[in-house]
Amino acid sequence: MAERFERHRQAWTSDEIQKLHVLAKKGMALKAIARALTRSEESTRDRAKLDGLNISKLH
């Protein structure tokens, strides 16, 4: 069953954006970043794309 996120459609804070940048630069996977931010993978991916970040994929 999919995880439920209580933060549905909430705006990103500057702290969350900064943490996203740090975790993406460390090479963490999308799922791990999303869990660390308590955000959905879709929301995390969309925000990273908006900021021009590349998030590594697990192979």
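Heads up: these notes are all about the structure in this document. As the structure is a prediction and not an experimental result, all values here were calculated from the model.

Looking now at the nonpolar core. If you look at the biggest cluster of nonpolar residues, it comprises 11 residues: Trp12, Ile17, Leu20, Leu23, Ala24, Leu30, Ile33, Leu37, Ala48, Leu53 and Ile55. For this core, the secondary structure elements donating two or more residues are α1 (14-25) and α2 (30-37). Sort the elements by how many residues they give to this core and α1 lands first, with four residues. Excluding residues within four positions of it along the chain, tryptophan 12 makes contact with Ile17, Leu20, Leu37, Arg39, Ser43, Thr44 and Arg47.

Let's shift gears to the packing of α2 against helix α3 (residues 41-50). Contact geometry of α2 with α3 gives a least axis separation of 9 Å together with a crossing angle of 100°. Classified by the angle between their axes, α2 and α3 sit roughly perpendicular to one another. Seen from α2, the contacting residues are Leu30, Lys31, Ile33, Ala34 and Leu37; seen from α3, they are Glu41, Thr44 and Arg45. Broken down by class, the residue content of the contact of α2 with α3 amounts to four nonpolar, one polar and three charged.

Under the definition given, this model contains two salt bridges. In this structure, the salt-bridge partner of arginine 39 is glutamate 16, at a minimum N-O distance of 2.8 Å. On the criterion of sequence distance, the pair formed by arginine 39 in the loop between α2 and α3 and glutamate 16 in helix α1 is long-range, its members being 23 residues apart. Under the relative-accessibility criterion, glutamate 16 is labelled buried at 9%.

Before going further, it helps to spend a moment on the packing of α1 against α2. Running from amino to carboxyl end, α1 crosses α2 at an angle of 150°, the nearest separation of the two axes being 10 Å. Taken together, the axes of α1 and α2 are roughly antiparallel relative to one another. The handedness of the crossing between α1 and α2 is right-handed. Of α2, the residues touching α1 (which contributes Glu16, Lys19, Leu20, Leu23 and Ala24) are Ile33, Ala36 and Leu37.

Turning our eyes to something else, we now look at α2. Every buried residue of α2 is listed here: Leu30, Ile33, Ala34 and Leu37. Projected down its long axis, α2 shows its buried positions confined to an angular sector of 100°, all on one face. Where α2 is buried, its residues touch α1 and α3. A positive backbone phi angle near 50° is found at threonine 38, which sits one or two residues after α2.

Analysis parameters
Residues numbered from 1 in each chain as written. Predicted model: local features only at pLDDT ≥ 70, side-chain atom pairs only at ≥ 80, totals over all residues. Heavy atoms only, no water. Core = buried A, V, L, I, M, F, W, Y, C linked by side-chain atoms within 4.5 Å. Buried < 20%, exposed > 50% of the residue type's maximum accessible area, 1.4 Å probe, protein only. Helix = DSSP H or I, 4+ residues; strand = E, 2+ residues; numbered from the N terminus. Contact = heavy atoms within 4.5 Å. Axes fitted to C-alpha atoms, helices over the stretch in contact; angles between N-to-C directions. Parallel < 35°, antiparallel > 145°, perpendicular 65-115°, else oblique. Nonpolar A, V, L, I, M, F, W, Y, C, P; charged D, E, K, R; others polar. Salt bridge = Lys/Arg side-chain N within 4 Å of Asp/Glu carboxyl O. Left-handed = near helix turned anticlockwise from the far one by under 90°. Arc of directions from axis to C-beta.

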